[in-house]
Amino acid sequence: MATRNRLDPDKIRENLRTTRLGKKIVVYERTASTNDIAAEYACDSGSDGLVVFAEEQTAGRGRTGAKWYSNYGESILCSIVLTGNKLSGELISLTSAVATAETLGKIGRSVTKVKWPNDILINGKKIAGILVESKHCGPRNTFIVGIGINCHQQKDSFPAELQNTTTSVDIENRGFCDRVSLARRLLSSLDHWLEIAQTKPNEIINRWRELNMQIGHRVAVLYSGKRFVGNCIGVDPEKGLILQLDSGLAQMFPAAHTSMARLR
Ligand code: BTN
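Residues numbered from 1 in each chain as written. Predicted model: local features only at pLDDT ≥ 70, side-chain atom pairs only at ≥ 80, totals over all residues. Heavy atoms only, no water.

K.L.:
Quick rundown of the pairing of strand β7 (residues 141-150)? Include the residues and the values.
P.N.:
The buried count for β7 comes to nine of 10 residues, which makes it a mostly enclosed element. Note that strand β3 (residues 75-85) and β7 share nine bridges and pair antiparallel. Directly across from Leu82, in β7, lies its bridge partner Phe143. Pairing geometry for strand β6 (residues 125-136) and β7, over nine bridges, is antiparallel. Across the sheet, the residue bridging to Glu133 is Ile144, located in β7. Count of turn residues in the β6/β7 antiparallel hairpin: four residues, of which Gly138 carries a positive phi of about 115°. (Buried < 20%, exposed > 50% of the residue type's maximum accessible area, 1.4 Å probe, protein only. Helix = DSSP H or I, 4+ residues; strand = E, 2+ residues; numbered from the N terminus. Pairing = 2+ DSSP bridges.)

K.L.:
Any details on the packing of aromatic side chains? Residues and values, ideally.
P.N.:
For the structure shown, the criterion picks out three aromatic pairs. Pairing Tyr223 with Phe228 gives two aromatic rings, centres 6.3 Å apart and planes at 50°, and the pair type is tilted. On the accessibility criterion, Tyr223 (21% relative accessible area) is partly exposed. Site record: aromatic cluster; members linked through ring pairs are Tyr223, Phe228 and Phe253. Positioned above the aromatic ring of Tyr41, the side-chain terminus of Lys24 is 5.8 Å from the ring centre. (Phe/Tyr/Trp six-rings, centres within 6.5 Å; stacked < 30°, edge-to-face > 60°. Lys NZ or Arg CZ within 6 Å of the ring centre and 35° of its normal.)

K.L.:
Give me the lowdown on the site of the ligand, citing residues and values where you can.
P.N.:
Close to the ligand lie 20 residues, the nearest being Ser33, Gln57, Arg61, Arg63 and Lys126. For the ligand, a nitrogen atom lies 2.7 Å from a polar atom in the backbone of Arg61. For the ligand, whose free accessible area comes to 410 Å², the fraction covered by protein is 97%. Of all the elements in the fold, those that place two or more residues in the shell around the ligand are α2 (34-41), β3, β6 and β7. (Near = heavy atom within 4 Å. Polar contact = N/O pair within 3.5 Å; in protein donor to acceptor, adjacent residues only side chain to side chain. Areas by Shrake-Rupley, 256 points an atom, 1.4 Å probe, with all protein chains shown as cover.)

Below, the structure is given as structure tokens:
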């Protein structure tokens, strides 16, 4: 097996073509959650674009209270601070999903898809997830975009209950994932799409729709303790997933309080 590289901030910064992200990059060997570290710095002046990576998280978290597992050195685990935002958390979440899906789509041969709100799938299996959290630091919201990408995992690296639904870059590409280059590509892609989000949010929605696997299909969601089933007809940048319910009514489901459910 080829030697695995470590996440070195200087190497990530080499040839990094970004305007906003990555002026400051820190790498932790081990921390509870990179989102917590980013949140500690989020209200400092000059924290916009700060990127926190970790080789290992002891309490990595996903959406809706789920745990995010990764052994030491196997993933990209990063959190990015975005301050002074005019954009909504929903739009930042869609933008991050587009940027991550595009990055992964360019390194492999398989098609990358987005499952609302921001799971990234290859060949129907989850390869990356995104957790956007907000922090109040003055008049405008500050967001922390946490991204986890599975890189070096093999099937048995995942907990048994996730082995059939989860994958990694090494599994999909049958080879060695260069995490430094992947981290750099991820930051440039996010930088690029965030710039577009500021001026042409519709481009984000259109690209997200192209990458999405649910639009036009019947889906089930859990919202406020209830199960809703309907045809997925779109996504609203502020209000979330739009379902045409069986009653004929169109209803929006905000990402922060909604999870996907199984169709029975
Ligand atoms: C999900 O799919 O539910 C979102 C997963 C997000 C995981 C990343 S890893 C880096 C950052 N730190 C965390 O604790 N979570 C996010």
